[in-house]
Amino acid sequence: MGRNYKIGVIKGDGIGPEIIDEAIKVLDALSANMGFNLEYNEMLMGGAAIDATGVPLPDETIQGVKKCDAVLFGAIGGPKWDNVERHLRPESGLLAIRKEMGTFANLRPAIVYDELVNASTLKPDVVRGVDIMVVRELTGGIYFGQPRELFEDRAYNTMVYTREEVKRIAHVAFEIAMKRGKRICSVDKANVLEVSQFWRETVIEVAKEYPEVELTHMYVDNAAMQLIRNPKQFDVILTGNIFGDILSDAASMLSGSIGLLPSASTGKGVGLYEPIHGSAPDIAGQGIANPLATISSASMMLRYALGEGAAADKIDDAIKKSLAKGYRTGDLGAYDAVEICSCSEIGDIIAKYVSQ
Ligand code: IPM
Ligand code: MG
């Protein structure tokens, strides 16, 4: 009998359900001839969970994800839940599940496909060949720091990192760098923030264990500028939670669309695989969302969580082939497009390619 995997599926809100359906279509087309079997277990989180249960992260989901081999997640949030209390917002569900699952390492690859160099808002020469891995710390920093408070006439959050938190994410980045170009740029704001000075000193300490890797440091404002000026200078970018959130959105536009970038949130146990984009409520239900970031996230899930590298390669190749043939969703614009496709048409094409 083939290998059996339990996949938690959290569709979420907005375009979440549409893009997840396409990823599952592709996974099903693959599993049949790759000798493994996927059993899906759908769970609620975000706005959909608020509507059904009153909270953004029901206990059932917290327990459910722990029983899975990996979790595939779409996106959450939308204007419908914008005015609820912070701890009941859809985003609070996502933050809480990251914490619960211990997924402290968020890997966000920003790759520019040759076929899409014209789709970028930057000049083709600037983006051709870009291949960056953003390693974002995901369960610490200002997102989670205490104290935090909102008063009538003032409010505050706290950016805090412990040595252990910085060390473990630095190790992840160095291990990844060893398998890539052996260069890490650690991004911080050490000229202003104590927490960044601490981050930098700790990363330098960890670097001693990886003499082959070249470590540089950059302030986050400069890094934002350098990403646009000359993105090819970067191999691995190692950074904290909020800087990684911002820089990975910026890096995504090098590729032509945020609708292309996948991510893997890994750490202690079960990993969460999700596109880096949000729930795009403005285009939800129209069938025009780009499912490639989610399909790519499914590929990362096969590779990192399930050890099914050959199947992941098939997805990656199919995505490249579909782009080479000129199939595009609208977000990629009409550049070099042969046909503008719907979300489900792209899913059909990738599913067809992976089963060939
Ligand atoms: C992301 C998102 C989330 C984050 C939001 C939805 C909480 O922007 O995954 O990048 O800030 O981490
Ligand atoms: Mg973000």
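What counts, and at which threshold
Residues numbered from 1 in each chain as written. Chains lettered and ligands numbered in written order. Predicted model: local features only at pLDDT ≥ 70, side-chain atom pairs only at ≥ 80, totals over all residues. Heavy atoms only, no water. Helix = DSSP H or I, 4+ residues; strand = E, 2+ residues; numbered from the N terminus. Buried < 20%, exposed > 50% of the residue type's maximum accessible area, 1.4 Å probe, protein only. Contact = heavy atoms within 4.5 Å. Areas by Shrake-Rupley, 256 points an atom, 1.4 Å probe, with all protein chains shown as cover. Lys, Arg positive; Asp, Glu negative; His and termini not counted. Charge placed at Lys NZ, Arg CZ, Asp CG, Glu CD. Domains from an automatic or database assignment. Buried area = accessible area lost by both parts, 1.4 Å probe. Salt bridge = Lys/Arg side-chain N within 4 Å of Asp/Glu carboxyl O. Polar contact = N/O pair within 3.5 Å; in protein donor to acceptor, adjacent residues only side chain to side chain. Nonpolar A, V, L, I, M, F, W, Y, C, P; charged D, E, K, R; others polar. Near = heavy atom within 4 Å. 1 Å grid on protein atoms, 1.4 Å probe; cavity = no way out; pocket = protein on both sides within 12 Å on 5 of 7 lines; lining within 4 Å. Sits in = over half its atoms within 2 Å of the grid points. Pairing = 2+ DSSP bridges. Axes fitted to C-alpha atoms, helices over the stretch in contact; angles between N-to-C directions. Parallel < 35°, antiparallel > 145°, perpendicular 65-115°, else oblique. Left-handed = near helix turned anticlockwise from the far one by under 90°. Points joined across faces, edges and corners; volume = space filled by probe spheres on them.

Undergrad: Account for the overall build of the chain, with residues named and values stated.
TA: Broken down by element type, the chain carries 12 helices and 14 strands. Dimensions of the chain along its principal axes, counting C-alpha atoms only, are 55 × 50 × 45 Å. Within the chain, the fraction of its 356 residues that count as buried is 52%. Considering only contacts within the chain whose residues lie at least 6 apart along the sequence, 75% involve residues at least 24 apart. Approximately 15,300 Å² of the chain is accessible, and the part contributed by carbon and sulfur atoms is 51%. Charge separation in the chain, taken as the distance between the mean sites of 37 positive and 48 negative side-chain charges, equals 4 Å.

Undergrad: Go over the domain arrangement of the chain with me, naming the residues and quoting the values.
TA: Looking at the chain, the domain boundaries give domain 1 (1-104 + 262-356) and domain 2 (131-253). Once you take the C-alpha centre of each, domain 1 and domain 2 turn out to be 25 Å apart. With 10 residues of domain 1 at the contact, the number on the domain 2 side is 14 residues. Counting each side, the surface lost to burial between domain 1 and domain 2 is near 1,000 Å², with a carbon and sulfur contribution of 66%. By the criterion of area lost to domain 2, the three top residues of domain 1 are Lys-99, Phe-104 and Ile-276, representing 57% of everything that side buries. On the surface where domain 1 and domain 2 come into contact, there are zero salt bridges. At the junction of domain 1 and domain 2, the tally comes to two residue pairs in polar contact (both at pLDDT 80 or more). Here the side of domain 1 that touches domain 2 is composed, by residue class, of four nonpolar, two polar and four charged.

Undergrad: Mind laying out the site of ligand 1, listing which residues take part and the relevant values?
TA: Neighbouring residues of ligand 1: Glu-91, Arg-98, Arg-108, Arg-136, Tyr-143 and Asp-245. Between Arg-98 and ligand 1, the recorded distance is 2.7 Å, taken from a side-chain N or O atom to an oxygen atom. In the environment of ligand 1, an oxygen atom lies 2.9 Å from a nitrogen or oxygen atom belonging to the side chain of Asp-245. When the free accessible area of ligand 1 is taken as 320 Å², the share hidden by the protein chains comes to 78%. Among the cavities detected, the one that contains ligand 1 is the largest pocket. The residue makeup of the shell around ligand 1, split by class, is one nonpolar, no polar and five charged.

Undergrad: Describe the sheet that holds strand β9 (residues 214-219), listing the residues and the values that go with them.
TA: Overall, mixed pairing links the 10 strands, which are arranged β2-β1-β3-β12-β11-β4-β5-β10-β8-β9 in an open sheet. Strands with a single pairing partner mark the edges of an open sheet, and in this sheet they are β2 (36-42) and β9. For this sheet, the mean inter-axis angle between neighbouring strands, taken without regard to orientation, is 25 degrees. Looking at chain direction, strand β11 (residues 262-266) and strand β12 (residues 272-275) are connected through four bridges and run antiparallel. Within β12, the residue paired with Ser-265 across the bridge is Leu-272.

Undergrad: Lay out the packing of helix α11 (residues 309-324) against helix α12 (residues 343-354) with the relevant residues and their values.
TA: With their axes 9 Å apart at the nearest point, α11 and α12 run at an angle of 125 degrees to one another. Looking at the two axes, α11 sits oblique to α12. The hand of the α11/α12 crossing is right-handed. Contacts from Lys-314, Ile-315, Ala-318, Ile-319, Lys-321 and Ser-322 of α11 reach α12 at Ile-349, Ile-350, Tyr-353 and Val-354. Classifying every residue of the contact of α11 with α12 by side-chain character gives seven nonpolar, one polar and two charged.

Undergrad: Outline the environment of Ser-92, supporting the account with residue identities and numerical values.
TA: In this structure, Ser-92 sits in helix α4 (residues 90-101). Along the chain, Ser-92 and Gly-46 lie 46 residues apart, while their C-alpha atoms are 7.8 Å from each other. Beyond its immediate stretch of four places on either side in the chain, Ser-92 contacts Arg-86 and His-87.

Undergrad: Please set out empty space enclosed by the protein residue by residue, giving values where relevant.
TA: Taken as a whole and assessed by the stated rule, the structure comprises one cavity of 30 Å³ or more. One number sums up the size of the largest cavity: a volume of about 90 Å³. Elements that contribute at least two residues to the lining of the largest cavity include exactly β8 (183-188), α7 (194-207) and α9 (241-252). Classifying every residue of the lining of the largest cavity gives eight nonpolar, five polar and one charged.

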